[in-house]
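Breakdown of the fold
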Amino acid sequence: MRNDNDLVSKVLVLDSDPASYEKIKAFCEENNLVGLKVQPDNVMSVLRSNVDLGGILLSENYDGRAQGGIQLAQRINAIRSELPIFMRREGTASLDDLSPMECKCISAAYTLDDMRGLQDSIAEYIFSLSYPNVLVRGIAEITKAALESQFKGLQVDVAAPYIVRDRLIYGEIFTLIPIESSWCRGYMMLQTEEIALLELVKAERTHMSALEGFDFRNLNGVLGEVTNLVWGAFKNRYMSNAARSAHLSQVPIIINHLHRYISFGSDNPQLCFKYTLDDSAQEPARKLDIFQKFVFNLNWAPEDFTENLISVQDLVESGELDLF
Amino acid sequence: MAQILVVDDSSTVRNEVGDFLKANGLDVAFAVDGRDGLVKLKADPAVKLVVCDVNMPNMDGLTMAEKVRSELGNAGVHIIMLTTENSPAMKERGKAAGIKGWIVKPFKGDAVLATFKKLVA
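Residues numbered from 1 in each chain as written. Chains lettered and ligands numbered in written order. Predicted model: local features only at pLDDT ≥ 70, side-chain atom pairs only at ≥ 80, totals over all residues.

**Thoughts on the overall build of chain B**
- For chain B, the helix and strand inventory stands at 5 helices and 5 strands.
- Mapped in sequence order, the helices and strands of chain B form the string β-α-β-α-β-α-β-α-β-α.
- Here the C-alpha radius of gyration of chain B, 13 Å, is about what a compact globule of 121 residues would show, namely 14 Å.
- Classification of the 121 residues of chain B by burial places 48% in the buried group.
- Once local pairs closer than 6 in sequence are excluded, the contacts in chain B between residues at least 24 apart make up 64%. (Helix = DSSP H or I, 4+ residues; strand = E, 2+ residues; numbered from the N terminus. Rg over C-alpha atoms; globule rule 2.2 N^0.38 Å. Buried ≥ 20, exposed ≤ 12 C-beta atoms within 10 Å, placed from the backbone. Contact = placed C-beta atoms within 7 Å.)

Written out as structure tokens, the structure is:
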């Protein structure tokens, strides 16, 4: 499925051939990929710290070693099997000559001579779901407004939204709320770091007192209310009251705290937004990153997407009292 | 003896609304859900205004509003919903329960203070 909107995805580029690199860089720019180049010695540590990747572009002879890429693919697959690995090969875009164990770790192969195959693979593995532009823009708008109402006097920046195949949890505080409508069913997550949030509470940038912030349950409440505001606005704008099937399916959500891993039981990518709250007016400057992720694991029918029409009579600005 | 009861499962909202109202000279009590709200109202008949969320665990705000009238028999207290909900159907249910008004979050104290003060006078 083509990615016809502004969504990007971050990919690790593990390719030590300078000539190939330029072509891959151009490919990334043309195909909404943000390439992250990594030194061979740092690959595994970067993988441990980056939790919002869409995939990996890896050369077969990585680090100048024949089959170095295949061996690395197996190591990566052992710890991050959700990340599709696209392998650059010389002379063939097939995986037929590899063993089943090796093939298991590689999603697709490509050659520099014909990148159309890679383009198709990227569409299949990363940009496999289509998201209406108006929805993507609306989510960013709603969430920015919610953050601005809950964090006093801070600049809220929204990065370009992107697609994630990772299943790792960012930070220590994490909210999860169902999103259910006639055209989508899944979850929204907000994830952030406790210490960074506590710093903003201590600086009185929230509606929580500095003293209350030392109880982590109160810190939870800050992110909880942001989640509530976003969910409510999303529901008002995009969720329909159309009758839904009485036989709604459910799948278990699985969390492994040791590996900071969450699974929704599907291979679906996640739509991710990163918000940065900047308190640089203060000394020392404080910054809070909040990651918002949508996973529509139970139903995704963007062809049925609609925005709720609001009549003039119903239109009361938020915060205003509608007296009966 | 409080004038206003703020009912919300979010401590952030209770803080935000409560701090604003107290800073403007009003006496405020708090409850964490609809069930707690009913208990607090029964214990403090001086409350004249309830500012109440809709989506709460244990008992939601609209159910609480209905029970204030039917079980507590309190027709005198004004109830204003403060919620992310904006659906006409919910507002109709609120009206049927006798609520006084509806505010879609986020809370903007300056927009509602004068009305709140009139309702507790």
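There's plenty left to go through after this.
**Some thoughts on the interface of chain A and chain B**
- Contact residues are listed per partner, giving 24 residues for chain A and 25 residues for chain B.
- Contributing elements (two or more residues each) for the side of chain A that touches chain B: α6 (133–150), α8 (216–238) and β14 (321–323) of chain A.
- With 11 residues, α8 of chain A is the single largest residue contributor to the side of chain A that touches chain B.
- By residue class, the composition of the side of chain A that touches chain B is 9 nonpolar, 11 polar and 4 charged. (Nonpolar A, V, L, I, M, F, W, Y, C, P; charged D, E, K, R; others polar.)

**As for the domain arrangement of chain A**
Residues and elements named next belong to chain A.
- Taken as a whole, chain A is organised into domain 1 (8–125) and domain 2 (133–304).
- Here domain 1 and domain 2 have C-alpha centroids that lie 30 Å from each other.
- Contacts between domain 1 and domain 2 engage 11 residues on the former and 11 residues on the latter.
- Residue composition of the side of domain 1 that touches domain 2, grouped by class: 5 nonpolar, 3 polar and 3 charged. (Domains from an automatic or database assignment.)

**A word on the pairing of strand β3 (residues 49–52) of chain B**
Residues and elements named next belong to chain B.
- Residues L49 and V51 of β3 are buried on one face, and the alternating residues V50 and C52, pointing to the opposite face, are buried as well.
- Pairing of strand β1 (residues 4–7) with β3, which is carried by 4 bridges, proceeds in the parallel orientation. Of the residues in β3, the one forming a bridge with V6 is V51.
- Both β3 and strand β4 (residues 78–83) contribute to a ladder of 4 bridges, which runs parallel. Counterpart to V51 in the pairing with β4 is I80.
- Assessed by its sense of winding, the connection that carries the chain from β3 through helix α3 (residues 61–70) to β4 is right-handed. (Pairing = 2+ DSSP bridges. Right-handed = clockwise from strand over helix to strand, strands pointing away.)

**Notes on the packing of α8 of chain A against helix α1 (residues 11–23) of chain B**
- In the contact formed by α8 of chain A and α1 of chain B, the axes pass within 7 Å of each other and the chain directions differ by 85°. As far as their axial angle goes, α1 of chain B and α8 of chain A are roughly perpendicular. Of the residues in α1 of chain B, those in contact with N218, G221, V222 and E225 of chain A of α8 of chain A are S11, T12 and V13 of chain B. (Axes fitted to C-alpha atoms, helices over the stretch in contact; angles between N-to-C directions. Parallel < 35°, antiparallel > 145°, perpendicular 65-115°, else oblique.)

**A word on unusual backbone geometry**
- Here the bond from K105 of chain B into P106 of chain B is cis, since omega is 10°, no more than 30 degrees from zero.
- Within the secondary structure, P106 of chain B sits in the loop between β5 (101–104) and α5 (109–120).
- Look at R260 of chain A: it is not a glycine, yet its phi comes out positive at around 50°.
- By the element assignment, R260 of chain A lies in the loop between β10 (254–256) and β11 (261–263).
- For R260 of chain A, a count of 17 C-beta atoms within 10 Å puts it in the partly exposed group.
- You will see that N58 of chain B, though not glycine, has its phi angle at about 70°, which is positive.
- Residue classification places N58 of chain B among the partly exposed positions, given that 13 C-beta atoms sit within 10 Å.

**A look at helix α3 (residues 68–79) of chain A**
All names here are of chain A.
- An ideal rise of 1.5 Å per residue puts 16 Å on 12 residues; α3 measures up with 17 Å between its terminal C-alpha atoms.
- Considered for burial, the residues of α3 that qualify are G69, I70, L72, A73 and I76. On an axial view of α3, the arc spanned by its buried residues comes to 160°, and they lie on one face. Away from its buried face, by an angle of more than 90 degrees, α3 presents the exposed residues A78 and I79. (Expected span 1.5 Å × (residues − 1). Arc of directions from axis to C-beta.)

**Here we look at the pairing of β1 of chain B**
- Burial along β1 of chain B is two-sided: the residues I4 and V6 of chain B and L5 and V7 of chain B are all buried.
- Crossover β1 of chain B to strand β2 (residues 28–31) of chain B through α1 of chain B is right-handed.

**Let's talk about the sheet that holds β2 of chain B**
- Strand order in the open sheet formed by 6 strands is β14(A)-β5(B)-β4(B)-β3(B)-β1(B)-β2(B), and the pairing between neighbours is mixed. One side of each edge strand has no neighbouring strand; the edge strands of this open sheet are β14 of chain A together with β2 of chain B. Ignoring which end each strand starts from, the neighbouring axes of this sheet average 20° apart.
- Inspection of the sheet shows β14 of chain A paired to β5 of chain B by 3 bridges, in the antiparallel sense. Its bridge partner being in β5 of chain B, L323 of chain A is matched across the sheet by G101 of chain B.
- Sheet strands in contact with α1 of chain B are β1, β2 and β3 of chain B, and its direction is about 170° off that of β2 of chain B.

**Looking at the nonpolar core**
- Formed by 79 residues in total, the largest nonpolar core has its most connected members in I56, L58, A73 and I85 of chain A.
- Top element by residues in this core is α8 of chain A. It accounts for 10 residues.
- Composition of this core by domain shows at least three residues from each of domain 1 (8–125) and domain 2 (133–304) of chain A.
- Residues contacting I85 of chain A, with those up to four places away along its chain left out, are I56, L58, A73, I76, C105, I106 and S107 of chain A.
- Counting 33 residues, the second largest nonpolar core, distinct from the first, contains V6, V7, V47 and V77 of chain B. (Core = buried A, V, L, I, M, F, W, Y, C linked by C-beta atoms within 7 Å.)

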